[in-house]
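Overview (structure and organization)
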Amino acid sequence: MRNKAVLFLTVFASMVACKKDTLVEVVDVPATPIVAIEQKGGKPSDLKAAEGAFELYALPFSYQALEPHVDATTMELHYAKHLLPYVNALNKSIIGKKYESMEIVDVLKNLNFSDVDVRNNAGAVYNHNFFFESMAPKAGGEPEGELLDAITRDFGSYDEFVRQFAETSVKLQGSGWIWLLSDKYGRLRIITTPNNDSPQTKGLGIVGIPLLNLDVWEHAYYLKFQNKKREYAYTFFSVVNWDKVEERYGAFSKSSAPAATTPSTTTETIEVPVETTLKVEEKSN
Ligand SMILES: [Fe+2]
């Protein structure tokens, strides 16, 4: 009987030890960063939007192409886990609506401002397409020609323009975008828009032609720069595709500015009426 009791206690102790070991193993599994789980390591061309009116912007360079200024992980997550879901959400949100046959910019220009889903999704798609198109490998430096002349005229110098643009990122509270706009006279100014709103968004009352934008949502920079938003904004100028920005600036004929007006060089934060402000969380999709 005593032997049986000893055997029972031994087996019981072994079971407890095994269970304990199992528990220890579970607790000791290293925490895998979420980004590593979500990373696919593929190519931009591997991705395709679900069937719908809008296709995913075809990124013309690899996820690694903007290294070291924009890291490949951020680039892939940004494109695959933010832009792509926005395109799919946009396609879903416009089914049966007048927007299905429009260009993305016309969706924004003809927007029903209170249609929150379309406003948010279309703004996100337009803004991100514009942003990705504004960057290129082996780019940066300074613009040339009439754009450089206008920057020098309206900001004092290229360096001063960069400073004002980058410092605006620090002043912008929450998620949003920084823009360089031109008016119809070719005069430049910097503005910000909150959430996924765009200068093209009907109802915001923004007048101007977008030339350049910067995504200042945390997903655009936090993996590499953490809280150093200013450093992210200055680094952006190492990858700006000035050829594209110059093309945008040269694509419209400038009216002669009225003699009585002075160039607008102020930085402007667009205030969205409280009752129409979107409640947009930093998306993980
Ligand atoms: Fe973004």
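Predicted model only: the values in this text are computed from it and were never measured.

What counts, and at which threshold
- Residues numbered from 1 in each chain as written.
- Predicted model: local features only at pLDDT ≥ 70, side-chain atom pairs only at ≥ 80, totals over all residues.
- Buried ≥ 20, exposed ≤ 12 C-beta atoms within 10 Å, placed from the backbone.
- Helix = DSSP H or I, 4+ residues; strand = E, 2+ residues; numbered from the N terminus.
- Arc of directions from axis to C-beta.
- Contact = placed C-beta atoms within 7 Å.
- Core = buried A, V, L, I, M, F, W, Y, C linked by C-beta atoms within 7 Å.
- pLDDT = per-residue confidence, 0-100.

Moving on, we come to helix H9 (residues 229-236). Listed as buried for H9 are Tyr232, Ala233 and Phe236. Projected onto a plane normal to the axis of H9, the buried residues spread over an arc of 95° and lie on a single side. Contacts made by the buried residues of H9 are with helix H7 (158-171), strand E3 (209-215) and helix H8 (222-225).

Among the nonpolar cores identified, the biggest contains 59 residues, and Val87, Leu90, Ala122, Val125 and Leu180 are the most heavily contacted of them. Examining the composition of this core, we find that nine residues originate from one element, helix H3 (residues 72-93), more than from any other. Residues contacting Ala122, with those up to four places away along its chain left out, are Leu90, Ile104, Val107 and Leu108.

Another aspect to go through is the confidence of the model for the chain. Residues with a pLDDT of 70 or more make up 76% of the chain, whose mean pLDDT is 83. In the predicted structure, residues 1-38 sits below a pLDDT of 50 and forms six contacts with residues beyond four places in sequence or in another chain. Counted against residues more than four places away or in other chains, residues 273-285, with its pLDDT under 50, gives 17 contacts.

Below, the discussion takes up the environment of Ser101. Position of Ser101 relative to the elements: it lies in the loop between H3 and helix H4 (104-109). Along the primary structure Ser101 and Phe54 are separated by 47 residues, whereas in three dimensions their C-alpha atoms are 9.3 Å apart.

Cis peptide bonds are those with omega within 30 degrees of zero, and the linkage from Glu67 to Pro68 qualifies with 0°. With phi around 50°, Lys138 is a residue other than glycine that occupies positive phi space. Taking the C-beta count within 10 Å as the criterion, Lys138 has 10 such neighbours and is therefore assigned exposed. Phi at Gln226 takes a positive value of approximately 45°, unusual for a residue other than glycine. Looking at where Gln226 falls in the secondary structure, it is placed in the loop between H8 and H9.

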